[in-house]
Amino acid sequence: MKLIQTELEGVFIIENFHAEDDRGSFTKTYHVDFFKENKLCREFRESYYSVSKKDVIRGMHFQLPPHDHEKLVYVLRGKIMDVILDLRKYSATYGKHISVELSEKNRYSVYIPKGCAHGFRSLEDNSTAVYNVSTAYNPESDSGIRWDSFGFDWGINSPVMSEKDKNLILFENFKNINPF
């Protein structure tokens, strides 16, 4: 496994160990010693996955303190454009965002620290994204930033989205109530 620092403080791409032979393939997405050595969260409380059609946007989601969490995200099938927005007021990269392509072919994971919003656009039908999070979901702490309010070009004008995601708070309005 190899850790790659991104432009956002504390956000890393992880090149996962991968091997192939006559049987198929094997990919390691987590190793406790590697995470400990790199001072990453080692205890995940929930794991779930989504299957998305092409041009679905999910996000930009996060949990408010005290239920905020680290995320480890990777793709089992298909391809997504994963997007992270730094909401940490005292971070050197506050308000900045990045995107990372995650796919079954590149086998990357992305590690997202507390205080960042996360979302993605599915670039292929049936893209399956796995999320491991360090806290259990808390409905009262569930929050998000509207997908088109922080300056990121998603490359699409009319994505398929949930009503909830379409109506999330604008980043400009979130700045006034930011708890991070």
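For the structure itself, consult the block above.
Below: a short report on this structure. Computed from a predicted structure; not experimentally measured.

### Digging into the pairing of strand S10 (residues 108-112)
Residues in a regular strand point their side chains to alternate faces of the sheet. Taken across its five residues, S10 has four buried, putting it largely inside the fold. Across four bridges, strand S2 (residues 12-15) lies against S10 in antiparallel orientation. The residue bridging glutamate 15 from the neighbouring strand is tyrosine 108, located in S10. When strand S7 (residues 71-77) meets S10, the two strands line up antiparallel, connected through four bridges. Bridging from a neighbouring strand, tyrosine 74 pairs with serine 109 of S10.

### Observations concerning the environment of serine 122
Positionally, serine 122 belongs in strand S11 (residues 116-122). Classification of serine 122 by relative accessible area gives buried; the value is 0%. When the C-alpha atoms of serine 122 and lysine 79 are compared, they prove to be 6.3 Å apart, with 43 residues separating the residues in sequence. Engagement of the side chain of serine 122 in a polar contact is seen with the backbone oxygen of serine 52, the distance being 3.4 Å. Polar side-chain contacts of serine 122 include one of 3.2 Å to the side chain of serine 127.

About the criteria used
- Residues numbered from 1 in each chain as written.
- Predicted model: local features only at pLDDT ≥ 70, side-chain atom pairs only at ≥ 80, totals over all residues.
- Heavy atoms only, no water.
- Buried < 20%, exposed > 50% of the residue type's maximum accessible area, 1.4 Å probe, protein only.
- Helix = DSSP H or I, 4+ residues; strand = E, 2+ residues; numbered from the N terminus.
- Pairing = 2+ DSSP bridges.
- Polar contact = N/O pair within 3.5 Å; in protein donor to acceptor, adjacent residues only side chain to side chain.

Distances and angles like these do not, on their own, reveal function.
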